[in-house]
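Descriptive structure summary
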Amino acid sequence: MIFSQVPQAPADPILGLTDAFKKDTRSEKVNLGVGIYKDEAGQTPVLKSVKKAEAILLEAEKTKNYLGIEGVEQYNAVVQTLLFGQGSDIINDKRAFTAQAPGGTGSLRVAAEFLVRNTESKTLWVSNPTWANHQNIFQTAGLSIKEYGYYKAETHDMDFDAMITDLQSAQAGDLILLHGCCHNPTGIDLDAAQWEIVGQLCADKELVPLFDFAYQGFGAGIEEDAQGLRIVAAKVPELLIANSFSKNFGLYNERIGAVTIVAADEDAAQKSFSQIKKTIRATYSNPPAHGGLIVSTILSDDSLRQEWESELTEMRQRIAEMRTLFVETLKSEGVDQDFSFISRQNGMFSFSGLNKDQVNRLKDEFAVYIVGSGRISVAGMTKQNIPVICKAIAQVI
Ligand code: PLP
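Just so you know, these numbers come straight off a predicted model, no measurement behind them.

Basis of the calculations
- Residues numbered from 1 in each chain as written.
- Predicted model: local features only at pLDDT ≥ 70, side-chain atom pairs only at ≥ 80, totals over all residues.
- Helix = DSSP H or I, 4+ residues; strand = E, 2+ residues; numbered from the N terminus.
- Buried ≥ 20, exposed ≤ 12 C-beta atoms within 10 Å, placed from the backbone.
- Contact = placed C-beta atoms within 7 Å.
- Pairing = 2+ DSSP bridges.
- Axes fitted to C-alpha atoms, helices over the stretch in contact; angles between N-to-C directions.
- Parallel < 35°, antiparallel > 145°, perpendicular 65-115°, else oblique.
- Nonpolar A, V, L, I, M, F, W, Y, C, P; charged D, E, K, R; others polar.
- Right-handed = clockwise from strand over helix to strand, strands pointing away.
- Core = buried A, V, L, I, M, F, W, Y, C linked by C-beta atoms within 7 Å.
- Near = placed C-beta within 6 Å.
- UniProt positions renumbered as here; feature names shortened; annotations may be inferred.

Counting its regular elements, the chain contains 15 helices and 13 strands. For the chain, the spread of C-alpha atoms along the principal axes amounts to about 60 × 55 × 55 Å. For the chain, with 397 residues in total, the buried portion stands at 45%. Within the chain, contacts between residues at least 6 apart in sequence are counted, and of these 76% link residues at least 24 apart.

Right under this line is the structure:
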């Protein structure tokens with residue numbers, strides 16, 4: 001017998017919270033754990049542009065034949081345009097190759113497997129804090145993890161000096177994980193001048209950036225959010241990008257993302273890409289079609305693209321509105337502590353500064369679920385649940 005020896009794995013810190021939430025029978029319960037966008041009615045509906053693309057695809061579909069290892073061909077071109085911008089030198093010089101992959105997570109894992117098997121780079125630096133699944137993904141693939149400073153708890157702000165000081169001690173060939181925008185969990189992003197410094201540091205010290213780009217369009221806009229990636233990509237010869245369309249197209253369960261490699265020239269990029277394809281072949285052979293077809297259909301059609309952009313703008317603006325309302329409601333509930341930093345943060349999440357004890361009390365006494373680190377998914381707030389959340393927070397601090 002071999003299976004009786006296997007120990008129980010710990011519950012995933014975020015998905016485990018959703019399981020506990022589902023079992024909670026209290027009627028006013030609120031889940032601000034997992035990063036899922038909710039509309040004002042508390043729903044996560046399919047985007048209208050996605051529904052229209054699916055109708056087109058259903059009509060046009062003639063076969064369920066396998067895709068190539070790299071996925072839908074047209075998809076990979078539209079992804080590169082989103083990442084690097086129309087007319088980018090990287091695209092024109094054919095230094096980038098893209099493979100469709102299952103979500104941001106699958107893309108990160110393919111990138112990590114490729115790196116471990118084909119390069120000397122075995123150390124990856126991640127921000128402290130970072131998305132809870134990062135260490136899990138990269139360590140499972142065989143990379144060793146080091147942390148760079150990112151967040152100053154006292155000011156609820158960026159600790160850029162710590163970031164630079166820590167990255168100064170990285171060795172040539174080390175990998176640096178950077179959140180393209182809407183840093184998870186802090187919601188604090190680098191500004192253009194800081195991206196320039198980080199890009200130059202990577203170039204000078206021969207560090208290889210790995211961008212995790214899961215929230216394009218949730219910060220300031222589609223083009224604006226790609227600013228950091230584009231600044232860094234213009235300075236370094238080599239980088240990797242793992243992007244996801246789970247959030248910005250609401251395609252969570254379609255598992256759609258992409259891994260993109262940029263090398264110094266077309267020949268090196270093509271050779272590395274052949275190894276990425278080998279990794280994919282050994283992992284899931286080739287990706288599922290539906291998500292890639294949806295995204296490429298929308299991005300290749302002017303009117304669908306416009307509709308998607310306005311739906312994305314609506315999501316972004318609603319979250320910004322919830323940030324302001326949350327801060328105001330905390331004040332009106334008598335909370336003296338300054339939470340104004342929440343309205344300056346980007347994307348779905350806020351790092352609230354609430355401690356473990358307070359987080360546990362919110363769950364146990366008030367059925368308000370947030371992650372143990374104090375990360376709150378603002379995208380799960382609505383005008384209806386904000387008073388419930390703020391009253392509860394007022395009781396625990
Ligand atoms: N990277 C970050 C920073 C995320 O927050 C997430 C999802 O929450 C992902 C990657 C993974 O996205 P996906 O659901 O597409 O695998």
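Next comes the rest of the account.
By the element assignment, Glu206 lies in the loop between α8 (192-205) and β8 (208-213). Owing to 14 C-beta atoms within 10 Å, Glu206 belongs among the partly exposed residues under this scheme. For the pair Glu206 and Glu238, spaced 32 residues apart in the sequence, the C-alpha separation amounts to 9.1 Å. For Glu206, the contacting residues outside a window of four places in its chain are Ala172 and Gly173.

Turning to the sheet that holds β8, a few remarks are in order. Each strand in a sheet pairs with its neighbour through backbone hydrogen bonds, running either in the same direction (parallel) or in the opposite one (antiparallel). Read from one edge to the other, the open sheet built from 7 strands follows the order β2-β10-β9-β8-β7-β3-β4, with strand pairing classed as mixed. Single-partner strands in this sheet number two, and they are β2 (96-101) and β4 (144-149). Sheet twist, expressed as the mean angle between neighbouring strand axes with direction ignored, is 25°. The sheet contacts of helix α5 (residues 103-118) involve β2, β7 (175-179), β8, β9 (239-244) and β10 (257-262), and relative to β9 the element is tilted by about 160°. On top of the sheet, helix α11 (residues 266-283) reaches β2 and β10; it is set at about 15° to β2, its chief contact.

In this chain, Asn128 is followed by Pro129 through a cis amide linkage whose omega measures 5°. Take Pro129: it is sitting in the loop between β3 (123-128) and α6 (133-141). Note the cis peptide between Asn184 and Pro185, where omega equals 20°. When you line up the elements, Pro185 lands in the loop between β7 and α8. Unlike most non-glycine residues, Cys182 shows phi in positive territory, near 50°. Here Cys182 shows up in the loop between β7 and α8. The class for Cys182 is buried, based on 27 C-beta atoms found within 10 Å.

The next thing to look at is the packing of helix α12 (residues 290-299) against helix α13 (residues 302-332). Running from N to C, α12 and α13 point in directions that differ by 105°, and their axes come no closer than 6 Å. Here α12 is positioned roughly perpendicular relative to α13, judged by the angle of their axes. Side by side, α12 and α13 meet where Thr297, Ile298 and Leu299 of the first sit next to Leu304, Arg305 and Trp308 of the second. Of the residues contributing to the contact of α12 with α13, the split by class is 4 nonpolar, 1 polar and 1 charged.

Let's shift gears to the pairing of β4. Across 6 bridges, β3 lies against β4 in parallel orientation. Residue Trp125 lies in a different strand from β4, and its bridge partner there is Lys146. In this region the chain leaves β3, passes through α6 and returns to the parallel neighbour β4; the handedness of that crossover is right-handed.

Attention now goes to the environment of Gln227. Along the polypeptide, Gln227 turns up in helix α10 (residues 227-233). Taking the C-alpha atoms as reference, Gln227 lies 31 Å from Glu328; in sequence the two are 101 residues apart. Those residues in contact with Gln227 that sit more than four places away from it in its chain are Ala192 and Trp195.

Membership of the largest hydrophobic core comes to 108 residues, with the highest contact counts inside it found for Ala111 and Ile176. The leading source of residues in this core is α13, at 7 residues. If sequence neighbours within four positions are ignored, Ile176 has contacts with Trp125, Leu167, Ala170, Cys202, Leu207, Val208, Pro209 and Leu210.

Turning our attention to the site of the ligand. Around the ligand, the neighbouring residues are Gly35, Gly103, Gly104, Thr105, Trp131, His179, Asn184, Asp212, Ala214, Ser244, Ser246 and Gly257. Considered class by class, the residues forming the shell around the ligand number 2 nonpolar, 9 polar and 1 charged.

With numbering matched to this structure, UniProt assigns "domain: Aminotransferase class I/classII large" (unreviewed entry) to residues 28-393. Taken end to end, residues 28-393 is 46% helix and 15% strand, and its two terminal C-alpha atoms sit 14 Å from one another.

With 6 of its 6 residues buried, β8 lies for the most part within the structure. Examined bridge by bridge, β7 and β8 share 5 bridges and lie parallel to one another. Residue pairing for β8: His179 is matched across the bridge by Asp212. You can see the chain leave β7, run along α8 and come back into β8, and the turn it takes is right-handed. Note: β8 against β9, 4 bridges, orientation parallel.

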